[in-house]
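# Notes for the structure review
Letter by letter, the chains look like this.
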Amino acid sequence: MAELLIIVGVSALIITTLGLMHEAGSRGHSSLFFLVPLVSLGQVQSHWEYYRWWALGRVAAVLTTAVGIGLFVVTGGSLAGDVSAQPVSSQSGQVLRGEKKASSTAFVSSEESALLVVAGQGKRLTGRLHGETFRYDRVALIDGVLTLSQGEGFLADLEVRVLLGWNPEDITERRTLIVGPSDEDGPVVHLSWKPENQDYPETRIFDGGYRMELALAPLDTGQLSGSLVLVMPDSFKSYLTGDFTAHTNHLRYRNGQVDLYFDHEDTLAHVAEEFLRTQFPEGAVSTIEARHVTLRRTENSGQVMAVVELSNGAVQERTVRLEKSDVGWAVVAGSMETRVTTAAKEGGLELVAPSAEKPAEPERAAPEPITQTFPELVAYENQSVVLETTGGRTLEGVLRKVGGDRLWLVRNVGSGNVERSVGADELKSLTLSSGQKVVLTASEGDQPEAVGVEPAEPAAAPSHTAETVPAEQTPAASSELKALVGKNVTIEANEGPRRTGILQAVADDHLTLSVPLGAGNMEYFYDIDSIRHIEAAR
């Protein structure tokens, strides 16, 4: 306000003086008298009717300037534009205060601070910051900055940041740092607090003058154990002392568990890594590292590409999609894609899919074979079985349904399942998970099958089966199907509706069809024998 009055007053004084000089010149009077204060008083009085308005304006300008100068002197000569002279509480936004070389205080090396430090050693980190009691909610070492904060909000209520410049991956053993009040090469320390009735914190920067004893050691994946003694040279006698656990990522925790609702790339990486560990037997995984993480907050979706190194030397790249639901971030079922970058070493451990059934007890003799009709097989639904066809093939899976003259078997293929139907005239026998063999016999009224109790060796001549494509035509049919890979096709099976999609892959006994569904794709697995008709779609 003071400088505004001074500027207005001086400007008005100049304008009115020029106006008086112009008026005097136009009437043949001397204009130089108006340059010297009070000298032109007699001339103005003699010709008041000509000069009165300019003279009154000049007097008002002098008074305005005098008031501005008076306010300037009363406020101590500070200008409103000088931010450093304003009280900290009157400024909006985050405020930083610091000095290149902070002077130490008597408290830093006093007996009082020593007693406070000793009282907190061996306990959870506590202290006093800016006159308020401090008890940390989170400690993190990320990008070389050790952050100790109190408060669950985006901006902490109380916080200390130590610019260490340490990489957490380089801390493979206990590392210590001791800084004295007179040391000039210590790390910079930031002390932040939120004043009352303000949303933004204020920060004071210490480039020296403090006392610190810091120790960090590796604890677990993404965690470090540490202890800290920090006494700062401020007027509030701020200090910290005690032990803590520091995180080296941005994961948030609730009641000791990872908060799956927290939107951050590290949360998605954690969920993906935990999911991938469940895809392998125990001890088969050496390391899992999330390389590329994509988070789309507006869509509540994301994607993670992780590199999986197995104990047999194989290296795989696995990509999964994630979505945020009522339980937090989770992997979308069936979204995993696998690419092998390094094959397993020769003679290495062979990985197999884990079985849901418990292994049979060792040295337990298999039960005697039994003979049953096809309809009686309904008693073994939802059990793991091994089917033997009249053509000599064996099929392993879960018996899902028995109805009419066919049964349906669910088999594991890659990362998904394929459902295959087998006709009664194709089935010779099946073996239960207990090892008991069930030999199929013809039911009353049906034509008897040439099936005995003991399985016979397959004849050299080809036998008649219910295969859709004869054996001698299988290579040609398979070649024709492989020519359609990557194209849009329509498949009509013996069971289920017609489906149109992209033919993804063709194997010896099944093929994979990708059908668009919503924003993604649904993969269907077809047994080649169950396909009635397939054609290229436009």
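The coordinates are above.
## Focus on the overall build of the chain
Counting secondary structure elements, the chain contains six helices and 31 strands. Of all 538 residues assigned to the chain, the portion counted as buried reaches 37%. By sequence separation, contacts in the chain at least 24 residues apart represent 52% of the contacts at least 6 residues apart. When the accessible area of the chain is evaluated, it comes to approximately 31700 Å², of which 52% is carbon and sulfur surface.

## Focus: the pattern of salt bridges
Under the definition given, this model contains ten salt bridges. Across the salt bridge formed by Arg161 and Glu159, the nearest N and O atoms sit 2.3 Å from each other. Neither Arg161 nor Glu159 differs from the other in exposure class; each is buried. In this structure, Glu299 and Arg296 form a salt bridge, with 3.5 Å as the shortest nitrogen-oxygen distance.

## Looking at the nonpolar core
Judged by nonpolar contacts, the single largest core of 30 residues is most densely connected at Leu146, Val160, Leu214, Leu228, Leu230 and Phe244. Of all elements in the fold, only β4 (138–142), β5 (145–150), β6 (158–163), β8 (189–193), β10 (211–220), β11 (223–231) and β12 (239–247) reach the threshold of two or more residues within this core. Not counting chain neighbours up to four residues away, the residues in contact with Phe244 comprise Leu125, Tyr136, Val139, Leu146, Leu214, Leu216, Leu224, Ser225, Gly226, Ser227 and Leu228. Ala269, Ala290, Leu310 and Leu322 belong to the second-largest nonpolar core, a separate cluster that totals 20 residues.

## Structural notes on the packing of helix α1 (residues 2–26) against helix α3 (residues 48–74)
For any two helices packed against each other, one specifies the inter-axial angle together with the distance between the axes. Remark: α1 packs on α3, axes separated minimally by 7 Å, with the N-to-C direction vectors making an angle of 160°. One element, α1, and the other, α3, form an angle in the roughly antiparallel class. Like other packed secondary-structure pairs, α1 and α3 cross with a definite hand, here left-handed. Its residues placed into classes, the contact of α1 with α3 shows 20 nonpolar, eight polar and two charged.

## Overview of a nonpolar patch on the surface
Judged by side-chain polarity, Met1, Leu4, Val8, Val67 and Leu71 come together as a nonpolar surface patch covering roughly 460 Å² of accessible area. Within the residue set of the nonpolar patch, elements represented by two or more residues are α1 and α3. Position of Leu4 relative to the elements: it lies in helix α1.

## What to know about α1
The terminal C-alpha atoms of α1 lie 36 Å apart, and with 25 residues this matches the ideal 36 Å at 1.5 Å per residue to within 8%. Every buried residue of α1 is listed here: Ala2, Leu5, Gly9, Thr16, Thr17, Gly19, Leu20, Glu23 and Ala24. Backbone geometry just downstream of α1 places Gly28 in the positive-phi region, at approximately 80°.

## So, the packing of aromatic side chains
If you walk through the whole model with that rule in mind, you get zero aromatic pairs. Its end group placed over the ring of Tyr136, Arg124 keeps NZ or CZ at 4.1 Å from the ring centre. Over the aromatic face of Trp408 sits the side chain of Lys401, whose NZ or CZ is 5.3 Å from the ring centroid.

## What about the pairing of β12?
Across the nine residues that make up β12, a large majority, seven, are buried. With nine bridges joining them, β11 and β12 adopt antiparallel strand pairing. Note that in β12 the partner of Leu230 across the bridge is Leu240.

## Concerning helix α4 (residues 111–120)
Buried within α4 we find Ser113, Val117 and Gly120. Looking straight down α4, one finds that the buried residues subtend no more than 70° of arc, so they occupy a single side. Within α4, the exposed residues directed more than 90 degrees away from the buried face are Glu111, Leu115 and Val118. Buried-residue contacts for α4 involve β10, β11 and β12. Taken from the residues just after α4, Gly122 is the one with a positive phi, measuring 80°.

## A short note on the pairing of β8
It is a general feature of regular strands that their side chains alternate between the two faces of the sheet. Of all five residues in β8, five are buried; the element is thus mostly enclosed. Covered by surrounding structure in β8 are Val189, Leu191 and Trp193 together with His190 and Ser192, the residues of both alternating faces. As defined by bridge partners, β6 adjoins β8 across five bridges and the pair is classed as antiparallel. Considered in β8, the bridge of Arg161 is made with His190.

## A look at the side chain of Asp234
Within the secondary structure, Asp234 is located in the loop between β11 and β12. The charged side chain of Asp234 is buried without a salt bridge, its nearest counter-charge being Arg204 at 5.4 Å. At 3.3 Å, the side chain of Asp234 forms a polar contact with the backbone nitrogen of Lys237. Not counting residues within four places of it along the chain, the set of residues in contact with Asp234 comprises His130, Leu191, Arg204 and Phe206.

Conventions we followed
- Residues numbered from 1 in each chain as written.
- Predicted model: local features only at pLDDT ≥ 70, side-chain atom pairs only at ≥ 80, totals over all residues.
- Heavy atoms only, no water.
- Helix = DSSP H or I, 4+ residues; strand = E, 2+ residues; numbered from the N terminus.
- Buried < 20%, exposed > 50% of the residue type's maximum accessible area, 1.4 Å probe, protein only.
- Contact = heavy atoms within 4.5 Å.
- Areas by Shrake-Rupley, 256 points an atom, 1.4 Å probe, with all protein chains shown as cover.
- Salt bridge = Lys/Arg side-chain N within 4 Å of Asp/Glu carboxyl O.
- Core = buried A, V, L, I, M, F, W, Y, C linked by side-chain atoms within 4.5 Å.
- Axes fitted to C-alpha atoms, helices over the stretch in contact; angles between N-to-C directions.
- Parallel < 35°, antiparallel > 145°, perpendicular 65-115°, else oblique.
- Left-handed = near helix turned anticlockwise from the far one by under 90°.
- Nonpolar A, V, L, I, M, F, W, Y, C, P; charged D, E, K, R; others polar.
- Patch = residues over 30% accessible without salt bridge, like charges linked within 9 Å, V, L, I, M, F, W, Y side chains within 5 Å.
- Expected span 1.5 Å × (residues − 1).
- Phe/Tyr/Trp six-rings, centres within 6.5 Å; stacked < 30°, edge-to-face > 60°.
- Lys NZ or Arg CZ within 6 Å of the ring centre and 35° of its normal.
- Pairing = 2+ DSSP bridges.
- Arc of directions from axis to C-beta.
- Lys, Arg positive; Asp, Glu negative; His and termini not counted.
- Polar contact = N/O pair within 3.5 Å; in protein donor to acceptor, adjacent residues only side chain to side chain.

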